[in-house]
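Geometric and topological summary
The chain contents come next:
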Amino acid sequence: MSPLDRSPVQSPSKDRPPVATAIVDIAKLPPAATAQRDCSICNGTGIEFRSENELSVARRCRCVPECPRCLDSGTVTALVNGEVRTGRCRCQRPIDRARLYSAAQIPGRYTQATLESYTQGLLQHAPENMGVLEEVSRWMSDWRVGQENRGLIVWGPVGRGKTHLLVAIVRDLILRHGVPARFVEFTRLLGQLKSGYSEGRSGNAIIDPLIQIPVLAIDELGKGRLTDWELTIIDEIISRRYNALACTLGSTNFRPEVATGAAPANAALVDINPQTLGDRVGDRVLSRLQEMCDFVELAGIDFRTIEQ
Ligand SMILES: [Zn+2]
Ligand SMILES: [Zn+2]
């Protein structure tokens, strides 16, 4: 329904002022509804986050009142430089961004993972990594909608908060730029692909969405048993995203160097893993990633041993 279809007679609220039937100049329209700045749920962003069915989802915060500009229809018709134009009302931005966030499939346990919460954790436990945050901030501020953007891979031993940082970056890209993104855990992705194949879905039906999404974040790159078939799949995803100049993010426990032929590490000695990312995903994939992405190393102490 366009705002013009809404006559005072149909209005459910007696208090609502009559709606003008003539199309007015855009400058004369009332401002769009915004969130309450002091809202304790959304901190004035207009977006509320929660965990649902193991995933992190978002919706527009209930502090946003009915929109005086579009009467919650979501569209505005007005004169712009004397011409009639119809467009999406600004009040819809939190709804659109919340929808993109919910579609990103971020795990529910990372609902509170933001760059702010990451910074707080670093300041407390691993201030030597603050330089990493500066590199990430620089990378984020260079990021532009609609242009070719370099990817980013966070690497380092387990327990340094790599997934938290990766989620925080994805969240910020979605909320700041309104860019569609998808978060996947590497072994879970391989499992999904395998079950998709066994259900008779074509490879393209499974892989194409992972190529078309503007931002793909792969957590725990190189983890798992890695059969030849799985390596073929990861090679296909990375090669096609490379050819499409798409922005790929990731995290990995493995040093981003070429294959050494080393055997997998003893589970008790993960901090001195002799295998490289090249050993895990193959040198071809590694070389593509090195061309597409910046790499930042997270060192420091294991957050998880501190928090136990
Ligand atoms: Zn709110
Ligand atoms: Zn509106």
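Each remark here, short or long, concerns the structure printed above.
So, here is what we can say about the structure in this document.

Before going further, it helps to examine the overall build of the chain. Counting its secondary structure elements, the chain contains 10 helices and 9 strands. Counting across all 308 residues of the chain, residues that qualify as buried make up 31%. Partitioning the intrachain contacts of the chain with sequence separation of at least 6 by distance along the chain shows that 74% fall at a separation of at least 24.

This paragraph deals with the pairing of strand 6 (residues 181-185). The element strand 6 is largely enclosed, with a buried count of 4 among its 5 residues. Judged from the 5 bridges that link them, strand 6 and strand 7 (residues 215-219) form a sheet pairing that is parallel. In the strand pairing of strand 7, Ala181 is matched with Val215.

Considering soluble globular proteins, one finds that nonpolar side chains tend to be buried as a cluster. In terms of nonpolar packing, the biggest core is built from 65 residues, with Ile169, Val170, Ala181, Val215 and Ala217 touching the most fellow members. Both domains that furnish three or more residues to this core are identified here as domain 1 (27-91) and domain 2 (104-307). Setting aside residues no more than four positions away along its own chain, Ala217 makes contact with Leu166, Val170, Ala181, Phe183, Leu249 and Gly250.

Relative to the elements of secondary structure, Cys247 occurs in strand 8 (residues 247-252). Judged by the 23 C-beta atoms lying within 10 Å of it, Cys247 falls in the buried class. Taking C-alpha positions, Cys247 is 9.9 Å from Ile211, a pair spaced 36 residues apart along the chain. Excluding residues that lie within four positions of it along the chain, Cys247 makes contacts with Asn149, Gly151, Pro214 and Val215.

With 16 residues, helix 4 (residues 162-177) extends 22 Å between its outermost C-alpha atoms, agreeing within 8% with the 22 Å of an ideal straight helix rising 1.5 Å per residue. In terms of burial, helix 4 is a largely internal element, 12 of the 16 residues being buried. When we look at burial in helix 4, the residues that qualify are Lys162, Thr163, His164, Leu165, Leu166, Val167, Ala168, Ile169, Val170, Arg171, Leu173 and Ile174. Looking one or two residues past helix 4, Gly178 carries a phi angle of roughly 65°, positive in sign.

Criteria and cut-off values
- Throughout this description, residue numbers start from 1 for each chain and increase along the sequence as written.
- Think of it this way: whatever chain is written first is A, whatever ligand is written first is 1, and the rest follow in order.
- Local features in a predicted model are, by the rule used here, given only for residues with pLDDT of at least 70; side-chain atom pairs are given and counted only at 80 or more, and totals for whole chains, interfaces and linings are based on all residues.
- Helix numbers and strand numbers start at the N terminus; a helix is a DSSP run of H or I with at least 4 residues, a strand a run of E with at least 2.
- Using C-beta atoms placed from the backbone, we call a residue buried if 20 or more other C-beta atoms fall within 10 Å of its own, exposed if 12 or fewer do, and partly exposed for counts in between.
- With C-beta atoms placed from the backbone, a contact is any residue pair whose C-beta atoms sit within 7 Å.
- Strands pair, by our definition, only if DSSP identifies at least two bridges between them.
- Under the definition applied here, buried Ala, Val, Leu, Ile, Met, Phe, Trp, Tyr and Cys residues are grouped into a nonpolar core through C-beta atoms within 7 Å.
- All the domain ranges listed were derived from an automatic or database domain assignment.
- Here a helix's expected span is defined as the number of its residues, less one, multiplied by 1.5 Å.

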